[in-house]
Amino acid sequence: MKLNKQDILKALETISAPGEGQNMVESGAVTNVVTFADEVIVDITISNPSLQAKKKTEVEIMKTIHDIVYEKAKITVNVKVNAPAKAAPNVIKGKAIPGIKNIIAVASGKGGVGKSTVTANLAVTLAKMGFKVGVLDADIYGPSMPIMFDVELERPLAVNVDGKSKMRPVENYGVKMLSIGFFTKPDQAVVWRGPMAAKALNQMIFDAAWGELDFMLLDLPPGTGDIHLSIMQSLPITGAVVVSTPQNVALADAKKGVAMFQQDSINVPVLGIIENMAYFTPDELPDHKYYIFGKEGAQNLAEDLEVRFLGELPLVQSIREAGDVGRPAALQTATSLEKAFEKLTQNVVEEVVRRNDDLPPTEAIKITTMAGCSAVKK
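What you are looking at is a predicted structure, and each value in this text was computed from that prediction instead of being measured. (Residues numbered from 1 in each chain as written. Predicted model: local features only at pLDDT ≥ 70, side-chain atom pairs only at ≥ 80, totals over all residues. Heavy atoms only, no water.)

We now examine the sheet that holds strand S11 (residues 239-244). Strand order in the open sheet formed by eight strands is S8-S9-S5-S10-S4-S11-S12-S13, and the pairing between neighbours is mixed. Strands with a single pairing partner mark the edges of an open sheet, and in this sheet they are strand S8 (170-172) and strand S13 (309-312). Strand-to-strand twist of the sheet, defined as the mean angle between neighbouring strand axes without regard to direction, takes the value 25°. Two elements, strand S4 (residues 100-107) and strand S10 (residues 213-219), share six bridges in a ladder whose sense is parallel. Across the sheet, the residue bridging to Ile-103 is Met-216, located in S10. Relative to the sheet, helix H7 (residues 248-262) contacts S4, S11 and strand S12 (270-275), its axis offset from that of S11 by approximately 175°. This element, helix H8 (residues 297-305), spans S12 and S13 of the sheet and lies at about 160° to S12. (Pairing = 2+ DSSP bridges. Helix = DSSP H or I, 4+ residues; strand = E, 2+ residues; numbered from the N terminus. Axes fitted to C-alpha atoms, helices over the stretch in contact; angles between N-to-C directions. Contact = heavy atoms within 4.5 Å.)

For the rest of this paragraph, the subject is the pattern of salt bridges. Using the criterion set out here, one finds 11 salt bridges in the structure. A salt bridge links Lys-56 to Glu-306; its shortest N-O distance comes to 2.9 Å. Residue Lys-56 is found in helix H2 (residues 51-68), and its partner Glu-306 is found in the loop between H8 and S13; the two are separated by 250 residues along the sequence. Taking the relative accessible area as the measure of exposure, Glu-306 reaches 35% and is therefore partly exposed. A salt bridge links Asp-67 to Lys-63, with the nearest nitrogen and oxygen atoms 2.8 Å apart. In this pair, Asp-67 and Lys-63 both sit in helix H2, four residues apart, roughly one turn of the helix. Residue Lys-63 is classed as exposed on the basis of its relative accessible area of 53%. One network of salt bridges, in which partners are shared, links Arg-308, Glu-350, Glu-351 and Arg-354. (Salt bridge = Lys/Arg side-chain N within 4 Å of Asp/Glu carboxyl O. Buried < 20%, exposed > 50% of the residue type's maximum accessible area, 1.4 Å probe, protein only.)

Before going further, it helps to spend a moment on unusual backbone geometry. Trans peptide bonds make up the majority, and among non-glycine residues the majority have a negative phi. You will see that Asp-150, though not glycine, has its phi angle at about 55°, which is positive. Relative to the elements of secondary structure, Asp-150 occurs in the loop between helix H4 (145-148) and strand S6 (157-161). The backbone of Tyr-173 shows a phi angle near 55°, a positive value even though the residue is not glycine. By secondary structure assignment, the location of Tyr-173 is in the loop between S8 and strand S9 (175-179). When its relative accessible area of 23% is taken as the criterion, Tyr-173 is described as partly exposed.

Its location among the elements puts Ile-103 in strand S4. Put simply, Ile-103 and Leu-235 are 132 residues apart on the chain and 8.2 Å apart in space, counted from C-alpha to C-alpha. Not counting residues up to four positions away in its chain, the partners in contact with Ile-103 are Met-216, Leu-218, Leu-235, Pro-236, Ile-237, Thr-238 and Gly-239.

So, on to the packing of aromatic side chains. Each aromatic ring pair is specified by the distance between its two centres and by the angle formed by the two planes. This model, assessed by the stated rule, comprises three aromatic pairs. The interplanar angle of 90° and the centroid separation of 5.1 Å between the aromatic rings of Phe-131 and Phe-215 together place this pair among those described as edge-to-face. Of this pair, Phe-131 sits in the loop between helix H3 (115-128) and strand S5 (133-137) while Phe-215 sits in strand S10, and the two are 84 residues apart along the sequence. By relative accessible area, which is 28% here, Phe-131 ends up partly exposed. One cation-aromatic arrangement involves Lys-289 over Tyr-279; the distance from NZ or CZ to the ring centre is 4.4 Å. (Phe/Tyr/Trp six-rings, centres within 6.5 Å; stacked < 30°, edge-to-face > 60°. Lys NZ or Arg CZ within 6 Å of the ring centre and 35° of its normal.)

Here is the structure:
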């Protein structure tokens, strides 16, 4: 079929321009349309620089042309961002860690959704892909990385770097890591106030010889509290990944976790949402899926919040067993779990690359008002 430019423009008139009272064509957002046979190229300029806005615009245009003009049209959408100049940017209170390219925060609004398990498996999968990876266990009160990487009895050693004494992270499965669990006894509770916990984290971040890393994963504690603010004031975080299970109780807290990163005083890009324990498949019934905690809850939440759904992970006994014995399940070769974690990790890397192409580096935040330390309506 030969596409007509006027048909394309008429279809685009049915889409409202973001933040405008007019459609995409009337507002001038659509700057050019080129057709050739069954191919069409649409150039559009938007003012919202977020990844979510760009993706939503692209998807809306493609869907509208397919629905109204020709369902098999080959469409290319070139989205250009013309964001208005901002006032003063955030002042960097923290400092970048030399040699670390990307810092990814893995968070959850609620405990018990498998955030640490996901972090461990993302880390080993990234290492298998050939990346240099580090993990900072920022869950001061419930550190679990030493168990999950089978290094409970290890202790960081002191090394000399440029005349300064630094901690050398413990390493296993090609992943470097530091955790407060290396400095406490297994049965010892960490009973610290926020400032002391923040000081310990700063030491593990800046007084460690991390070397060259492509990715540092931060395993954050559940919730949206003091540790999270301390981390984001100390480090320029590339992006955040939020982990949730499908049920409403977990999703309500996951929504708050996303809102924390997106609020104006923090403004850390959310790379996407991961749904853990999405379904259960018994060995004897491999074609059956039982949605024990609900179905596609995190996927629907991602759509509602206009962030990417990074993937789902099944409820599998071997994932729990692998974490307990200190060998993450993603290391099980030629299994469905290995494939699931590989796909998930590829999606995370894809979002990081896209984020770095489309947005400037994130600055460590500086809280100048109580707005960054209180409930903010989103």
